[in-house]
Amino acid sequence: MVDLSPVIPIAVAAGLGVAGLLARDVLRRDTGTDRMREIASAIQDGARAFLRRQYRTIALIAVILAVVFATAVGASRGVVTGLKTAGAFGLGALFSALSGYIGMQIAIRSNVRSAAGSLRSFNDALTIALRGGAVSGLAIVGLSLAGVSILYYGYGYGTATTYQAQNELVLSLVGFGFGASLVALFAQLGGGIYTKAADVGADLVGKVEAGIPEDDPRNPAVIADLVGDNVGDCAGRGADLFESTAAENIGAMVLGVVLFDYFGIAGVIFPLVARSFGVFASVVGVYVVRAREDEAPMTALNRGYLVTTVLAAILFGFAAWGMLQPAAGLGASDLTWLFYWLCGIAGMITAFAFVWITQYYTEARHRPVKEIAKSSETGPATNIISGFSVGLEATWLPVLVVCAALLIAYWLGSLTNITGGGLYGTAVATMGMLATAAYILAMDTFGPIVDNGAGIIEMSGMSDEARRNMDKLDAAGNTTKALTKGYAVGSAGLAAFLLFNAYLEQAQIASVDMAKPEVFVGGFIGAALVFLFSAFAIRAVGRAAWSIIKDVRDQFKEKPGIMAGTEKPDYGRTVDICTRSALKEMIVPGILAVATPVAVGLIFRVAVVTPGLRAAEPLGGTLMVGTIAGVIMALVLNTGGGAWDNAKKYIEAGNLGGKGSPTHKAAVVGDTVGDPFKDTAGPSLHILVKLLSTITLVLAPLLV
């Protein structure tokens, strides 16, 4: 065995340090004209105002839940354990909120600099946007590593030298994942409702009713729309991937404890070391990205992703060789480390497959998007039918990929001849899939940066060449946002088995028997939760959008000079209305997500038909079926919505009649339907799936 634990603090320092250097590089860039700076300032003010209000609301909910769970855990497992759980919950919530804040703060400064870069060259605009996104990606993965490490080492790493002590130690970390998931859910919900309410309101009144272009400064909702890109896609997604890496690290550590006799502490901290090497690989990947002036943006971005993946694979193998060689005399294979390295490779291939599949279904170069665009020639109804069918179709390939990855990883893990080695193989595959998380998140934040940049160029009246550069990047940004959502839901699917088995381990049950009526009912409730949660999230966008639509119409009536260009719209009024509506609407679906698993656990402590049944089994049914339904529903919503959006952009590029044609108007309607699918309900379902896992892990000891 090689002690690679020193790599963890080095990776934390490297991730945060390079993020700081990239931020400095981006912030030193040119900010363009006075008009560009004026628009960027309005976006910054609106984004900060929203986040301040949102985090105050989330903080109140988090404090209440921390007290409730600390009391419950303390009553069951002792005051010290209860306090440790509450402390972990608080740190997870704090770091998750900080992750979202960092992602948004750099994005609202990078947008105008990327726009200014487009005045010089296509490559400048692309590299500024990607490096701005990388600040978010590296900082978030660094914070995730730092949080879990602080708790693991601070809660007694030095004295936990037995299986039982390690089990207690790792279990006390579960609250960190729960806190991160809770904040991420509300951040994504609130931001997603805001961004899509503003987008829908701006499109329906501006494009459809008034017949003015997207990002036209006469539209009162246009600044709210640009603010929404940051609070939904940056703050929300930053918190989303923070909780993904945190929850899956902890789940893998839980299974690592099971193999304590074989690997000792090395098997427990291996997920942290593997994540650390992923940070180094992502740094290299970001710095190698350059684009020729005539090159497609995704070609340059994919080149960086390929470099990141190859380097991560090599470093992952080194980590497996150094840490996953079992103690002698226990009958394990001498090639154990190699089998686990191959498990990690399976996870990386899974990530690459998800990126490719998502690009196929959402890029305008391929059949699905062109099919939706073509169907728009016969009106909005056929556009919606075609788009929804693409979303449904887009589930089967990702599901096959996840199934293959799970089976291959389990089989490879079983070849180690270690009891429980197959389960740990699936955990290692999940670590492999998340090895490139920092680079993927950089590509995700790239999306809203260039979206804002395109809006700034449009509103400030810059040159046609600059518009072409930013429009090309904006279309690629739609794809990067879609592929990140695919990546997030793919990691959720791959991690589902890992987290489900971690739950079984902590609940001390061997399996969940769906033939028992209580367990079957629990599964039904899990599936229904996904649909009800999605309904509430989508309806929330409709309600909030109505308030925006009304305000825009009112402003057009109150100030007739807006359309003539002689009067300015009141952007601040629209931003404030959208903020209040979004925060109000996020409460019900958020509470539903937390309350449902708690209610199932409590109800089946008393409402038992099957003799000897423990409440942990029905709750396991809720977790298992809810996760499966959530992953598939998220694929439908994310991919369908992304395809609708790029079908509209394909037409706007001059195809099938171009902007202003009846075909374009039909595509705008389809895009409007897809907006709450891909940016509100779909991304929130990734977090719902993880929240189910973390909250059930917290509840598990109470149901034993």
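Remember, it's a predicted structure, so these values are computed and weren't measured experimentally. (Residues numbered from 1 in each chain as written. Predicted model: local features only at pLDDT ≥ 70, side-chain atom pairs only at ≥ 80, totals over all residues. Heavy atoms only, no water.)

## Remarks on the environment of A540
Relative to the assigned elements, A540 resides in helix α18 (residues 517-558). Along the primary structure A540 and E38 are separated by 502 residues, whereas in three dimensions their C-alpha atoms are 31 Å apart. Non-local contacts of A540, meaning those with residues more than four positions away in its chain, are made with I193 and E585. (Helix = DSSP H or I, 4+ residues; strand = E, 2+ residues; numbered from the N terminus. Contact = heavy atoms within 4.5 Å.)

## Focus on helix α4 (residues 122-154)
Between its first and last C-alpha, α4 extends 47 Å over 33 residues, near the 48 Å set by a 1.5 Å rise per residue. The element α4 is extensively covered by neighbouring structure, given that 30 of its 33 residues are classed as buried. Looking at where α4 begins, the residue whose side-chain oxygen comes 3.1 Å from the main-chain nitrogen of D124 is S121. Immediately beyond the C-terminal end of α4, within one or two residues, lies G156, with a positive phi of roughly 125 degrees. (Expected span 1.5 Å × (residues − 1). Buried < 20%, exposed > 50% of the residue type's maximum accessible area, 1.4 Å probe, protein only. Polar contact = N/O pair within 3.5 Å; in protein donor to acceptor, adjacent residues only side chain to side chain.)

## Examining the environment of A239
Note that A239 resides in helix α7 (residues 222-258). Judged by relative accessible area, A239 falls into the buried class, the value being 0%. A sequence separation of 144 residues divides A239 from F95, and the C-alpha atoms of the two residues are 8.6 Å apart. In this structure A239 touches S96, G100, A184 and A187, once residues within four positions along its chain are discounted.

## Observations concerning the packing of aromatic side chains
Taken as a whole and assessed by the stated rule, the structure comprises 18 aromatic pairs. Consider the rings of Y152 and Y153, whose centres lie 5.4 Å apart with planes at 80 degrees: the pair is edge-to-face. Taking the relative accessible area as the measure of exposure, Y153 reaches 31% and is therefore partly exposed. Here the aromatic rings of W644 and F677 are separated by 5.8 Å at their centres, their planes lie at 70 degrees, and the arrangement is edge-to-face. (Phe/Tyr/Trp six-rings, centres within 6.5 Å; stacked < 30°, edge-to-face > 60°.)

## Focus on the packing of helix α12 (residues 367-375) against helix α22 (residues 616-652)
At a closest axis distance of 8 Å, the pairing of α12 and α22 adopts a crossing angle of 65 degrees. With respect to α22, the axis of α12 lies roughly perpendicular. Once α12 is placed against α22, the crossing between them reads as right-handed. Contact residues: V369, K370, I372 and A373 in α12; A643, W644, N646, A647, Y650 and I651 in α22. Of the residues in the contact of α12 with α22, the class split is eight nonpolar, one polar and one charged. (Axes fitted to C-alpha atoms, helices over the stretch in contact; angles between N-to-C directions. Parallel < 35°, antiparallel > 145°, perpendicular 65-115°, else oblique. Left-handed = near helix turned anticlockwise from the far one by under 90°. Nonpolar A, V, L, I, M, F, W, Y, C, P; charged D, E, K, R; others polar.)

## Section: the layout of surface pockets
Empty space within the largest pocket amounts to approximately 920 Å³. If you go around the largest pocket, you meet 35 residues; those closest to its centre are D471, K472, D474, A475 and A476. Elements represented by at least two residues in the lining of the largest pocket include exactly α10 (297-323), α11 (336-362), α16 (437-460), α17 (464-507) and α22. The leading source of residues in the lining of the largest pocket is α17, at eight residues. The computed volume of the second largest pocket comes to approximately 420 Å³. Counting only elements with at least two residues in the lining of the second largest pocket, the list comes to α14 (396-414), α17 and α22. With seven residues, α22 is the largest single contributor of residues to the lining of the second largest pocket. Residues that form the lining of the second largest pocket fall into these classes: 16 nonpolar, four polar and no charged. (1 Å grid on protein atoms, 1.4 Å probe; cavity = no way out; pocket = protein on both sides within 12 Å on 5 of 7 lines; lining within 4 Å. Points joined across faces, edges and corners; volume = space filled by probe spheres on them.)

## Topic: unusual backbone geometry
Apart from glycine, the bulk of residues carry a negative phi angle, and the bulk of peptide bonds sit in the trans form. Of note in the backbone geometry, N417 takes a positive phi value of approximately 65 degrees without being a glycine. With respect to the element layout, N417 can be found in the loop between α14 and α15 (421-433). The exposure class assigned to N417 is exposed, which follows from its relative accessible area of 51%. Although it is not a glycine, Q508 sits at a positive phi angle of roughly 60 degrees. Its location among the elements puts Q508 in the loop between α17 and α18.

Bear in mind that shape data such as this cannot, by itself, settle questions of function.
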